[in-house]
Amino acid sequence: MGNVIFNSLQFRAFERLLTRKLFNCVTRGVVFQLISKRISYSPSSASRRFSLRNSTYLTNYLDSLTLEHKQICEKLIQQGSSCAQNSSGDAMSQRLADLETVVQCYRKITDKRLVLEELDEIIKDAKTDCEMRELAKEDRTSSENQLEHLEEDLLRLLTPKEKFDEIDEIVLEVSAGVGGLEAMLFAKEMFEMYRSYVVYKGWDGAIIESSDSELGGLRQGSISVSGNGAYSYLKFEGGVHRVQRIPQTEKSGRIHTSTVSVAILPRPQRIEINIDPKDLKIETKRASGAGGQHVNKTESAVRITHLPTGIVVESQTERFQQINRATCLKKLQAKLHLRQFEEQVNAKQSSRKIQVGTSGRSEKIRTYNFVQDRITDHRIGISCHHIVGFLSGGEELDSLIETMQTESRQEILLEYIRKQTER
């Protein structure tokens, strides 16, 4: 019998035919588990995935980079240098190195699109048998996923790094806002959510201050966070978070609206903030709250007011006044740095849709509607569900933060391209 020659799809169709039933059973189980665990976004958010097909402006820019890469290679060859081996000190060679990764990723995306087009032709072809069509559909789904990851990689490669995104140490502050006891109770839940998120990301976290209310709520709390990319992840959490729910003490079933303010204070390794001792008003008082008789008998609590700006910081966590004073000075440094930082960010981001939030009352960034079990981020109009899971500070919160990062990268990139083309 003569040899039978298969093309790649035919061979794989024959190979998979033997395990089709088992494969389908396993797949259904895995898909069911994924669906039961994943965060459920609204249909409007599904189309937010970054794609080159959505931007002719960006595609033209990438084509220009590819052409520049080719021209540099040709010039280096003419000079007797290999494209792969050249002096790193040469400006042309350095530019080639900068372009290489981007161009290679863009070529992979272009190749993957051609594969998708070929698969679409097989699927639409009336002569394709059912088995081949099903296999082509599976391959198309896999190729779509690969294309999505490639485009996300390209977005990261192209987006200019923000100056403060490399900061790995921050202070996260949570403060109860409008809503009295209900606001304090939700502030406590958010405080615990961020503590859990720090653990989820594998960062180091320590409570700096926690001022609890009588009924188990939180007036104000702050966490010191240290970890790779901490600021780049948490910077979008700053702002006013609104909660809508029926409090446990509400007998008539009315929905109450409360707010919680979150502030993200970046702490770079070098903070060039000079504080004149003459500008400080330092007060001491007896600490309050839990901690035994010691907190009520010694003036260990410290309150410092920075007179030029009116910024006030307090600390009563430690038993000794000197330690609380040092903590206050660190907090004051961070707040003064944040003041300078916000001025720079506001000047740079005034035209962006996705603002990096602060603790300003007017910046309502997110709503937690318990009645409808829905979380809505107002900056990009995205909604997701399962509040209980979201407040656990794990995968659900991380998914929304990564969506915000992708949206932000697209804005930064398009802004960068626009400036480059205007030169």
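Quantities reported herein were computed from a predicted structural model and do not represent experimental measurements.

Definitions and cut-offs
- Residue indices begin from 1 for each chain and proceed along its sequence in written order.
- A pLDDT threshold of at least 70 governs which residues receive local features in this predicted model, and a stricter bar of 80 or more applies before side-chain atom pairs are shown or counted, although totals over entire chains, interfaces and linings include all residues.
- Heavy atoms from the whole structure form the basis of all side-chain values; hydrogens and water molecules are not counted.
- Per the convention used, a helix needs a DSSP run of H or I reaching at least four residues, while a strand needs a run of E reaching at least two, with both numbered from the N terminus.
- Partly exposed describes any residue whose relative accessible area lies between the buried limit of under 20% and the exposed limit of over 50%, with all areas from a 1.4 Å probe on protein chains only and scaled to the type maximum.
- For accessible areas, the Shrake-Rupley method is used with a probe of radius 1.4 Å. Any residue's cover is judged against the shown protein chains and nothing else.
- By definition, a salt bridge exists where a carboxyl oxygen of Asp or Glu is found within 4 Å of a side-chain nitrogen of Lys or Arg.
- When the centres of two rings from Phe, Tyr and Trp lie within 6.5 Å, Trp using its six-membered ring, the rings pair. Their planes under 30 degrees apart give stacked, over 60 give edge-to-face, and anything left gives tilted.
- Lysine NZ or arginine CZ positioned within 6 Å of the ring centre and within 35 degrees of the ring normal marks a charge as sitting over the ring.
- Patch building starts from residues that exceed 30% relative accessible area and form no salt bridge, then joins like charges within 9 Å and nonpolar side chains (Val, Leu, Ile, Met, Phe, Trp, Tyr) within 5 Å.
- Working convention for charge: Lys and Arg count positive, Asp and Glu count negative, and His plus the chain ends are omitted.
- The atoms used to mark charge sites are NZ of Lys, CZ of Arg, CG of Asp and CD of Glu.
- By definition, two strands form a pair when at least two bridges between them are found by DSSP.
- Lines are fitted to the C-alpha atoms to define the axes, a helix being fitted only along its stretch in contact, and any angle between axes, read from their N-to-C directions, falls within 0 to 180 degrees.
- Every residue pair with non-hydrogen atoms within 4.5 Å of one another is taken to be in contact.
- Working definition: roughly parallel below 35 degrees, roughly antiparallel above 145 degrees, roughly perpendicular at 65 to 115 degrees, and oblique for all remaining angles.
- Note on convention: the crossing is left-handed when the near helix lies turned anticlockwise from the far helix by less than a right angle, right-handed when the turn is clockwise.
- Under the scheme applied, nonpolar residues are Ala, Val, Leu, Ile, Met, Phe, Trp, Tyr, Cys and Pro; charged residues are Asp, Glu, Lys and Arg; polar residues are all the others, including Gly.
- Expected helix span is given by 1.5 Å per residue-to-residue step, counting one fewer step than there are residues.
- Think of a polar contact as two N or O atoms within 3.5 Å of one another; within protein, one of them needs to be a possible hydrogen donor and the other a possible acceptor, and neighboring residues in sequence only count if both atoms come from side chains.
- Side-chain atoms within 4.5 Å link the members of a nonpolar core, which is a set of buried Ala, Val, Leu, Ile, Met, Phe, Trp, Tyr and Cys residues.

Caption draft 1: Just the overall build of the chain, in detail. Looking only at helices and strands, the chain features 12 helices and 11 strands. For the chain, with 423 residues in total, the buried portion stands at 40%. Total accessible area on the chain stands at roughly 24200 Å², and carbon and sulfur atoms take up 51% of it.

Caption draft 2: Molecular detail of the pattern of salt bridges. Per the counting criterion, the structure on display carries 19 salt bridges. Residue Lys 335 pairs with Glu 173 through a salt bridge whose shortest N-O separation is 3.2 Å. On the criterion of sequence distance, the pair formed by Lys 335 in helix α10 (residues 321–349) and Glu 173 in strand β1 (residues 169–176) is long-range, its members being 162 residues apart. Residue classification places Glu 173 among the buried residues on the basis of a relative accessible area of 8%. Linking Arg 379 and Asp 377 is a salt bridge whose minimum nitrogen-to-oxygen distance equals 2.8 Å. For the residue pair Arg 379 and Asp 377, the accessibility class agrees, reading buried in each case. Overlapping salt bridges bring together Lys 188, Glu 192, Arg 195 and Asp 212 as one network.

Caption draft 3: The packing of aromatic side chains, seen in detail. Under the counting rule described, the total for this entry stands at 6 aromatic pairs. With a centroid separation of 5.2 Å and an interplanar angle of 65°, the aromatic rings of Phe 186 and Tyr 368 are classed as edge-to-face. In this pair, Phe 186 is assigned in helix α7 (residues 180–200) and Tyr 368 in strand β9 (residues 364–369), connecting sequence segments 182 residues apart. Like Phe 186, the residue Tyr 368 is buried in the burial classification. Note on Phe 186 and Phe 370: the rings are 6.2 Å apart at their centroids and 85° apart in plane angle, and the pair reads as edge-to-face. Of this pair, Phe 186 sits in helix α7 while Phe 370 sits in the loop between β9 and β10 (374–377), and the two are 184 residues apart along the sequence. By the ring-pair criterion, three or more aromatic residues cluster together here, those being Phe 186, Tyr 368, Phe 370 and Phe 390. When the ring centre of Phe 370 is taken as reference, the NZ or CZ atom of Arg 245 above it lies at 4.8 Å.

Caption draft 4: Seen up close, a negative patch on the surface. On the surface, a cluster of negative charge is contributed by Glu 117, Glu 118, Glu 121 and Asp 125. By secondary structure assignment, the location of Glu 118 is in helix α5 (residues 91–124).

Caption draft 5: Fine view of the sheet that holds strand β6 (residues 280–285). In spatial order, the strands read β6-β7-β8; together these 3 strands make up an open sheet with antiparallel pairing. One side of each edge strand has no neighbouring strand; the edge strands of this open sheet are β6 and β8 (311–315). This sheet shows a mean twist of 15° between the axes of neighbouring strands, independent of strand direction. Looking at chain direction, β6 and strand β7 (residues 301–306) are connected through 6 bridges and run antiparallel. Looking across to β7, one finds that Lys 281 is bridged to Thr 305.

Caption draft 6: Geometry of the environment of Ile 365. Mapped onto the secondary structure, Ile 365 falls in strand β9. Overall, Ile 365 belongs to the buried group, its relative accessible area being 3%. Leave out the neighbours within four places in its chain, and Ile 365 touches Phe 236, Glu 237, Gly 238, Gly 239, Val 240, His 241, Thr 376, Asp 377, His 378 and Arg 379.

Caption draft 7: Here's a closer look at the packing of helix α4 (residues 56–78) against α5. Between α4 and α5, whose axes approach to 9 Å, the crossing angle comes to 130°. When the axes of α4 and α5 are compared, the pair comes out oblique. In this structure, α4 meets α5 at a crossing whose hand is left-handed. For the pair formed by α4 and α5, the contact residues are Thr 59, Leu 62, Asp 63, Leu 65, Thr 66, Glu 68, His 69, Ile 72, Cys 73, Lys 75 and Leu 76 on the first element and Met 92, Ser 93, Arg 95, Leu 96, Leu 99, Glu 100, Val 102, Val 103, Tyr 106 and Arg 107 on the second. A per-class count over the contact of α4 with α5 returns 11 nonpolar, 4 polar and 6 charged.

Caption draft 8: Quick look at helix α6 (residues 130–158). The end-to-end C-alpha distance of α6 is 41 Å, a good match for the 42 Å that 29 residues give at a rise of 1.5 Å each. Regarding α6, its N-cap is Asp 129, as a side-chain oxygen of that residue lies 3.1 Å from the backbone nitrogen of Glu 131 further along.

Caption draft 9: Looking closely at the nonpolar core. One finds Val 174, Met 190, Tyr 194 and Tyr 368 to be the most contacted residues of the largest nonpolar core, which totals 38 residues. Mapped onto this core, the elements with two or more residues apiece are β1, α7, β3 (218–226), α8 (230–234), β5 (256–266), β11 (382–385), α11 (387–390) and α12 (395–422). Here this core gets 8 residues from one element, more than from any other, and that element is α7. With near-sequence residues (within four places) excluded, Met 190 lies in contact with Val 174, His 241, Val 260, Val 262 and Tyr 368. Within the second largest apolar cluster, 22 residues are counted, among which are Cys 73, Val 103, Leu 147 and Leu 150.

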